[in-house]
Amino acid sequence: MGSPPGTGRSKRAHFLRAVLPCLMLTALESAPALAQSLTPDLFNPNRGGFAAPETLPTRRTAGVPQAPSDALPTLPDPNDPRRRQQPPAISRAGQSPAGQVPTYGLPAANVASGSGYDSLNRKRQQPKLYPGQPKPKRPAGPDSKVAPATPERTLGPPRIAPPPSETAHRTPVPPAMAGNVPGQPLRRRLKLDEDPFGAVGDYAGSFLIKGGLELSAGYDTNPARLNRPVGSPAYVVAPDLLVVSDWERHALVADLRGSFSGYTNNMPATINGFASPSPVEVDRPDFTGHVDGRLDVTRDFKLTSQLRLRLATDNPGSPNVQAGLQKFPVYAAYGATVGFDQTFNRFQVAAGATVDRTAYTDSKLIDGSTFANTDREFNQYGGVGRFSYDLKPGLKPFLEIQGDTRVHDQAADRNGYFRDSNGGYAKVGSSFEFSRILTGEISIGYSARNYVDPRLSQLAGFLTTGSLIWNASGLTTVKFFTDTQIAETTIPGSSGVLVRTYSAEVDHDFRRWLTAVGKFTYGTLDYQNQNRNDKTYSLESNLIYKLNRNIWIKGTLRHDILDSNVAGASSSGTVVMLGVRLQN
């Protein structure tokens, strides 16, 4: 059966439709035809694979997770040898090679992995520690207890072993006192306490008050310092009070110290048929007190003042003591100083006016009568100035000048001498402080006093004053003191007494609660125009056992020697005391 009549004709028609356009294009094209080059993009099976990745409207940016493979094209393999033959395409005016993800601004979670919450859930970076630096503790969780506050420690060399005090058993401190209660205001840092057994004191407003009472008893082989010793049991009551202001500006300090030495036995009234040079009752009071004030007008200008009081008696064995006394007469020396302190950069000027009075009680004799001591009473008016220069830290030289006049209540004393006088001194020295190891002040000078009575010659001599403290070690301290004074006297024809005193003291702590003190004192008393020179020696040792901050036990052993060039005036005595000190 043959084909339909139109079948062959339709096939030829389809063929001619396809061939004729091709022939026409070939005839019209003058240039040779070029085939398209093969690239990996043509064989990319992913959607959008024929377009460049940097031109895609939904291209991936930095920090965005990779989209599924059917959503974004896969970048060509850079290790493909066909890729190496072509130079890398540059996109966006040479900013980044084609195929790399462009970065705009800061990527997401740039530094969060090292400082806080990381939205990309990356592993947190650990801080780098220096060698020997302690490893920080991990932060506590929501349900963790609040850790107690611990003092921050600065970076330093690691310790080989902690001190025993850190591991020893300690009484727990209440959180409120320790200052680690949440929400509690910070406590004021307390000052370093150098004496772990010293008095703490109490605060009354802005004043710190420290008080103490020392009670001791023992035996004195020669309380009257006679040439022939007569001993007696002795007791001493010594109170003290210290009040210090705690102000940012201005200052007020009161230091009051006293003692009363009592003896149960009386001394003989006569010796070899003559009146004894010593009183029958040798009880002696002693008090030294001063109140110092400072008013800070400006940073460099200050007003200063002082009130002082001294209660005492003549020293046993002194030629000023009357014969045939029932007990020692008591004298009071009190006065005041008002001055200023001005600083000019490193130069400092301090000056003040002084007013003092010395008054005596009447002497009570063994026969019951009294003898007035108004001829020994006098007023003193004077002034003192000090000029210092801060040469360098720890060294401050100075020049000090003082002058005064003394006016007695009676023009003539009991022996007919006019003892009104004018005098003063001038000295140069320096105060220093070398790394807190050696601190103090030392000076030398010259002192002179002229009397109204022409029969009394000028009293003059070199003077030395100083106070040195040497911290030889953490347990040993050495102290040195020296002083020179011109004292009044009742000896006929003598202008006065030039008194020089030198003292050395060594304090050593065997333990913080056990302290030994050794002290040696040497003094000279030069009675002008009397050809009398006395020398005093005193050797003292103390052992202090500190039970706690409030109770101390103290033992004292002292030996005193008075060596005089006058026959029958020398003496010696030994004192042994045991007592307790109560303080707060």
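Residues numbered from 1 in each chain as written. Predicted model: local features only at pLDDT ≥ 70, side-chain atom pairs only at ≥ 80, totals over all residues. Heavy atoms only, no water.

K.L.:
Explanation requested: the overall build of the chain in the structure shown.
P.N.:
Secondary structure summary: the chain contains 5 helices and 25 strands in total. Expressed as a percentage of its 584 residues, the buried residues of the chain come to 29%. In the chain, 55% of the contacts between residues at least 6 apart in sequence involve partners at least 24 apart. (Helix = DSSP H or I, 4+ residues; strand = E, 2+ residues; numbered from the N terminus. Buried < 20%, exposed > 50% of the residue type's maximum accessible area, 1.4 Å probe, protein only. Contact = heavy atoms within 4.5 Å.)

K.L.:
Whenever I open this one, the pattern of salt bridges confuses me. Can you help?
P.N.:
Applying the stated criterion across every chain, the model contains 24 salt bridges. Residue D195 is joined to K546 by a salt bridge in which the shortest nitrogen-to-oxygen separation is 3.9 Å. Of this pair, D195 sits in the loop between α5 (175-178) and β3 (202-204) while K546 sits in strand β23 (residues 532-546); the two residues are 351 residues apart in sequence, bridging distant segments of the chain. Using a relative accessible area of 27% as the deciding quantity, one classes D195 as partly exposed. When the shortest N-O distance is used, the salt bridge between D409 and R357 registers 2.8 Å. On the criterion of sequence distance, the pair formed by D409 in the loop between β16 (395-408) and β17 (421-434) and R357 in strand β12 (residues 347-360) is long-range, its members being 52 residues apart. Given the relative accessible area of 40%, D409 is considered partly exposed. Linked through salt bridges whose partners overlap, the residues forming this network are D220, R225, R558 and D560. (Salt bridge = Lys/Arg side-chain N within 4 Å of Asp/Glu carboxyl O.)

K.L.:
Whenever I open this one, the side chain of S245 confuses me. Can you help?
P.N.:
With respect to the element layout, S245 can be found in strand β5 (residues 232-245). Taking relative accessible area as the criterion, S245 reaches 13% and is therefore assigned buried. Apart from residues no more than four positions distant in its own chain, S245 is found in contact with S206, F207, A251 and L252.

Remember, this is a structural readout, not a statement about activity or role.
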